[in-house]
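Inside the fold
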Amino acid sequence: MIELSPLARPYAKAVFSAALDAGNHEEAAKDLTLLSAVSQTSEVKCLIEDPELSKEKIAQTIMGIVDGEMGDLSNKLLELLADNKRLNLIEAINTSYQ
């Protein structure tokens, strides 16, 4: 199995830097914890691993699950991860960020 932390670390650093600049690093930490918990549910794991679904559709589904509980920075991260086909890194990004 591939070690995900080296892939996740740059994303975590970028989020941390952006959150510090915006003065909301605690909100970002909370959002990442929420995203990590959602990404570990069996339903979302299946969505992330489904090659038939577009990554944008998966990101929109996750945003629907959290239903406005995340800030703009976390929503942008989710969209970026979808664009880069890296939604599988959510938990590792949260671990690195924390």
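As for unusual backbone geometry
A positive phi is found at Asp 67, a non-glycine position, where the angle reads about 45°. Looking at the secondary structure, you find Asp 67 in the loop between α4 (55–66) and α5 (72–83). A relative accessible area of 62% places Asp 67 in the exposed class. Even without being a glycine, Lys 85 presents a positive backbone phi close to 55°. Within the fold, Lys 85 resides in the loop between α5 and α6 (90–97). Residue classification places Lys 85 among the exposed positions, given a relative accessible area of 61%.

Brief notes about the layout of surface pockets
Approximately 320 Å³ is the volume attributed to the largest pocket. Among the elements of the structure, α3 (42–49) and α6 are those that each provide at least two residues to the lining of the largest pocket. The greatest single-element share of the lining of the largest pocket, amounting to four residues, is contributed by α6. For the lining of the largest pocket, the per-class residue count stands at seven nonpolar, four polar and three charged.

Here's the deal with the nonpolar core
Judged by nonpolar contacts, the single largest core of 28 residues is most densely connected at Ile 62, Leu 78, Leu 87, Ile 93 and Tyr 97. Counting only elements with at least two residues in this core, the list comes to α1 (5–22), α2 (25–39), α3, α4, α5 and α6.

Structural notes on the packing of aromatic side chains
In this structure the tally under the stated criterion is one aromatic pair. Each ring, one from Phe 16 and one from Tyr 97, has its centre 5.5 Å from the other, and the planes form 70°; the classification is edge-to-face. With Phe 16 in helix α1 and Tyr 97 in helix α6, this residue pair connects regions lying 81 residues apart in the sequence. The class of Phe 16 is partly exposed, set by a relative accessible area of 35%.

Regarding the packing of α4 against α5
Pairs of packed helices are described in terms of their axes, by the angle between the two and the distance that separates them. Direction vectors running N to C along α4 and α5 enclose 155°, while the axes themselves pass 8 Å from each other. Classed by the angle they form, the pair α4 and α5 counts as roughly antiparallel. The way α4 lies across α5 gives a crossing that is right-handed. Across the interface between the two elements, Lys 55, Glu 56, Ala 59, Ile 62 and Met 63 of α4 pack against Asn 75, Leu 78, Glu 79, Ala 82 and Asp 83 of α5.

Reading the values: the criteria
Residues numbered from 1 in each chain as written. Predicted model: local features only at pLDDT ≥ 70, side-chain atom pairs only at ≥ 80, totals over all residues. Heavy atoms only, no water. Helix = DSSP H or I, 4+ residues; strand = E, 2+ residues; numbered from the N terminus. Buried < 20%, exposed > 50% of the residue type's maximum accessible area, 1.4 Å probe, protein only. 1 Å grid on protein atoms, 1.4 Å probe; cavity = no way out; pocket = protein on both sides within 12 Å on 5 of 7 lines; lining within 4 Å. Points joined across faces, edges and corners; volume = space filled by probe spheres on them. Nonpolar A, V, L, I, M, F, W, Y, C, P; charged D, E, K, R; others polar. Core = buried A, V, L, I, M, F, W, Y, C linked by side-chain atoms within 4.5 Å. Phe/Tyr/Trp six-rings, centres within 6.5 Å; stacked < 30°, edge-to-face > 60°. Axes fitted to C-alpha atoms, helices over the stretch in contact; angles between N-to-C directions. Parallel < 35°, antiparallel > 145°, perpendicular 65-115°, else oblique. Left-handed = near helix turned anticlockwise from the far one by under 90°. Contact = heavy atoms within 4.5 Å.

None of this, on its own, says anything about what the molecule does.
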